[in-house]
2 protein chains.
Amino acid sequence: MCGMFITMKEKPYLTPKQERVLNFIRKRVGERLPPTIREIGEELGFKSTGTVRDYLKVLIQKGLVKRMNSKSRAIELTERASFKIPIIGTIMAGKPNLAYEEIQGYVDADDLFLGRLGFDDVFALRVKGDSMVDAGILDSDIAIIKKRPNADNNDIVAALLDNNEVTLKRLRSKGGKFHLEAANPSYAPIFEEFKVIGKLITVIRKY
Amino acid sequence: MCGMFITMKEKPYLTPKQERVLNFIRKRVGERLPPTIREIGEELGFKSTGTVRDYLKVLIQKGLVKRMNSKSRAIELTERASFKIPIIGTIMAGKPNLAYEEIQGYVDADDLFLGRLGFDDVFALRVKGDSMVDAGILDSDIAIIKKRPNADNNDIVAALLDNNEVTLKRLRSKGGKFHLEAANPSYAPIFEEFKVIGKLITVIRKY
DNA sequence: TGACATACCACACAAATGTGTGGTATGTTC
DNA sequence: GAACATACCACACATTTGTGTGGTATGTCA
């Protein structure tokens, strides 16, 4: 334990309250507009703007947030922001020209992940295991899930099992009853009790 | 030619000046923070806030922009923007709690697609065909490619063939020579001349 | 005990920002 | 010519938002 080398970038320690403030800022920055000081206070239940300023001060000091003085909503996250990627062509449909002039459109996160869904309905899970390989979903892929209490036959869903485990499987109906099926012949179908927590809408894999 | 039905959504006509205002808003929204009315005026050379309000009025009326009254910087584009998605847990690692407090981090486009690569080096292609199914890459997946003139053994690459076709295959070296291999036994390896145009870094699939 | 961090509140004030009214001028359309 | 859109400006005013000072209370560390 002692003498261990720390090679990872240290995450600054945040108290749970500070974490909540940061998470709210993240949410708002991601959703639409960074919040004002008073909006933060309202959300987190602070009755004084001074309290919020105190929190911002520590977040700035810990390097998680930047601000421009005297400008409204001018709160920036130190974490990187998202942006767009050009779609240049379709593979095997001819030679794509890598120049800007040939750009067909842009892939953006919103379009890519969610279509027109809202922020609150969506979350991401990292896939573990090979139970869905035949559906092209591999170990360590990121699954983007839209929260839903139900789904249709053949949808791939995130389901909560009785043992409190969450799993990604294909939903099947047979004779009016639903069960879960892996996309890998070495896994047996699951007939036990489960609860659908969401529907798979996007898979992302990094190499 | 004549009598053709137009099914695309008509883009509202904008005067060049209106276009400039919209573009500035786009730029600011993408970069960091939507502008204030006065910031727009400053950039575009208007000396009156009323002028800017007139422009916003037409942009709103033409459905390109939304606003919240009396809120600073509360200008939204009707076009969709990108944003972040919370990573809440890892599938099969226990029950994820969908509340704010449990957010582990955020997936953002930058992180997801590119790691730390720059914008200019990256483009996207839509995959056609089933030649890579065994690598979990399916028809109509989106392949994010980093431009590179070469790659390593076993990398999946976008390659330009002699017939001007671009294809996604695994790069293999054998006896000092490179060839391309599909990830599907029904496709034969490609030994003909080819040029690597980039390396696969991310796959995205929407359901 | 003193020093310091966390975790708040109240309230005054200043600066930034949005709202609104009333103008001018130049076109185009009917 | 009347009606209307575009393309501006000046300026007062209201509201929102950020700043700053001075508190209270609780806990930890040394």
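Residues numbered from 1 in each chain as written. Chains lettered and ligands numbered in written order. Predicted model: local features only at pLDDT ≥ 70, side-chain atom pairs only at ≥ 80, totals over all residues. Heavy atoms only, no water.

**Student:** Can you tell me about the protein's contact with DNA strand C, naming the residues and giving the values?
**Tutor:** Residues in contact with DNA strand C amount to 25 residues; listed here are only the nearest, Y55(A), I37(B), R38(B), R53(B) and R73(B). In the interface set of DNA strand C, defined as its atoms within 4 Å of the protein, sugar plus phosphate atoms amount to 64%. T51(A) is positioned such that a nitrogen or oxygen atom in its side chain is 3.1 Å from a phosphate oxygen of DNA strand C. Between a base oxygen of DNA strand C and a side-chain N or O atom of T49(B), the distance comes to 3.3 Å. Elements with a minimum of two residues in the surface near DNA strand C: α1 (16-31) and α3 (49-61) of chain A together with α2 (37-44) and α3 (49-61) of chain B. With four residues, α3(A) is the largest single contributor of residues to the surface near DNA strand C. Across the surface near DNA strand C, the residue classes break down as three nonpolar, 13 polar and nine charged. (Near = heavy atom within 4 Å. Polar contact = N/O pair within 3.5 Å; in protein donor to acceptor, adjacent residues only side chain to side chain. Helix = DSSP H or I, 4+ residues; strand = E, 2+ residues; numbered from the N terminus. Nonpolar A, V, L, I, M, F, W, Y, C, P; charged D, E, K, R; others polar.)

**Student:** Describe the protein's contact with DNA strand D, listing the residues and the values that go with them.
**Tutor:** The immediate surroundings of DNA strand D are formed by 26 residues, with I37(A), R38(A), R53(A), R73(A) and Y55(B) found nearest. Sugar and phosphate atoms represent 65% of those atoms of DNA strand D found within 4 Å of the protein. Note that a phosphate oxygen of DNA strand D is positioned 3.1 Å from one of the side-chain N or O atoms of T51(B). Counting residues per element, the surface near DNA strand D draws most heavily on α3(B), which supplies four residues.

**Student:** So what's going on with the nonpolar core? Which residues, and what values?
**Tutor:** Residues and elements named next belong to chain A. Within the largest apolar cluster, 17 residues are counted, with the highest numbers of intra-cluster contacts made by V21, L22, I25, I40, L56 and L59. The set of elements that each furnish at least two residues to this core consists of α1, α2 (37-44), α3 and β2 (75-77). Other than its neighbours up to four places away in sequence, I25 contacts P35, I40, L56, L59, I75 and L77. (Core = buried A, V, L, I, M, F, W, Y, C linked by side-chain atoms within 4.5 Å. Buried < 20%, exposed > 50% of the residue type's maximum accessible area, 1.4 Å probe, protein only. Contact = heavy atoms within 4.5 Å.)

**Student:** Could you give an account of unusual backbone geometry, with specific residues and numbers?
**Tutor:** Residues and elements named next belong to chain A. Phi angles above zero are rare outside glycine, and S70 is one such case at about 65 degrees. One can find S70 in the loop between β1 (65-67) and β2. Looking at S70, the relative accessible area reads 77%, which means it is exposed.

**Student:** An account of the pairing of strand β10 (residues 194-206) of chain B is requested, with residue identities and associated values reported.
**Tutor:** With respect to burial, β10(B) is a largely interior element, 10 of its 13 residues being buried. By the bridge criterion, five bridges tie strand β10 (residues 194-206) of chain A to β10(B) in an arrangement that is antiparallel. Bridge pairing in β10(B) links K206(A) to T202(B). Relative to β10(B), strand β6 (residues 142-147) of chain B is paired through six bridges, and the arrangement is antiparallel. Along β10(B), the bridge assignment pairs I145(B) with L200(B). Relative to β10(B), strand β7 (residues 156-161) of chain B is paired through five bridges, and the arrangement is antiparallel. Bridge assignment links L161(B) to a residue of β10(B), and that residue is F194(B). (Pairing = 2+ DSSP bridges.)

**Student:** Describe the pairing of β7(B), listing the residues and the values that go with them.
**Tutor:** Taken residue by residue, a regular strand's side chains alternate between the two faces of the sheet. Residues and elements named next belong to chain B. Of all the six residues making up β7, six are buried; the element is thus mostly covered by neighbouring parts of the structure. Residue alternation in β7 divides its side chains into two sets, I156, A158 and L160 and V157, A159 and L161, and both sets are buried. Taken together, the five bridges between β7 and strand β8 (residues 166-174) define a ladder with antiparallel strand orientation. Looking across to β8, one finds that L160 is bridged to V166. Here β7 folds back onto β8 in antiparallel fashion, the turn holding four residues, of which N164 has a positive phi close to 70 degrees.

**Student:** I'd like a description of the packing of α2(A) against α3(A), backed by residues and values.
**Tutor:** Residue and element names in this part refer to chain A. In contact at an axis separation of 9 Å, α2 and α3 are set at 100 degrees when each is read in the N-to-C sense. If you check the angle between α2 and α3, you find them roughly perpendicular. Packed against α2, whose contacting residues are I37, R38, I40 and G41, the element α3 presents T49, V52, R53 and L56 at the interface. Class assignment of the residues belonging to the contact of α2 with α3 gives a composition of four nonpolar, two polar and two charged. (Axes fitted to C-alpha atoms, helices over the stretch in contact; angles between N-to-C directions. Parallel < 35°, antiparallel > 145°, perpendicular 65-115°, else oblique.)

**Student:** An account of the side chain of E39(A) is requested, with residue identities and associated values reported.
**Tutor:** Position of E39(A) among the secondary structure elements: in helix α2. Judged by its relative accessible area of 15%, E39(A) is buried. Of the polar contacts made by the side chain of E39(A), one reaches the side chain of R73(A); its length is 3.0 Å. Setting aside its immediate chain neighbours within four residues, E39(A) contacts F24(A), R28(A), P34(A), R73(A) and K71(B).

**Student:** Can you tell me about helix α1 (residues 16-31) of chain B, naming the residues and giving the values?
**Tutor:** Here α1(B) is 16 residues long and its end C-alpha atoms lie 22 Å apart, about the 22 Å a rise of 1.5 Å per residue gives. Contacts made by the buried residues of α1(B) are with α2, α3, β1 (65-67) and β2 (75-77) of chain B. (Expected span 1.5 Å × (residues − 1).)

**Student:** Let's hear about the environment of E192(B): which residues, and what values?
**Tutor:** Residue and element names in this part refer to chain B. Mapped onto the fold, E192 is located in the loop between β9 (177-181) and β10. E192 sits 31 residues away from L161 along the chain, and the two C-alpha atoms are 7.8 Å apart. If sequence neighbours within four positions are ignored, E192 has contacts with L161 and D162.

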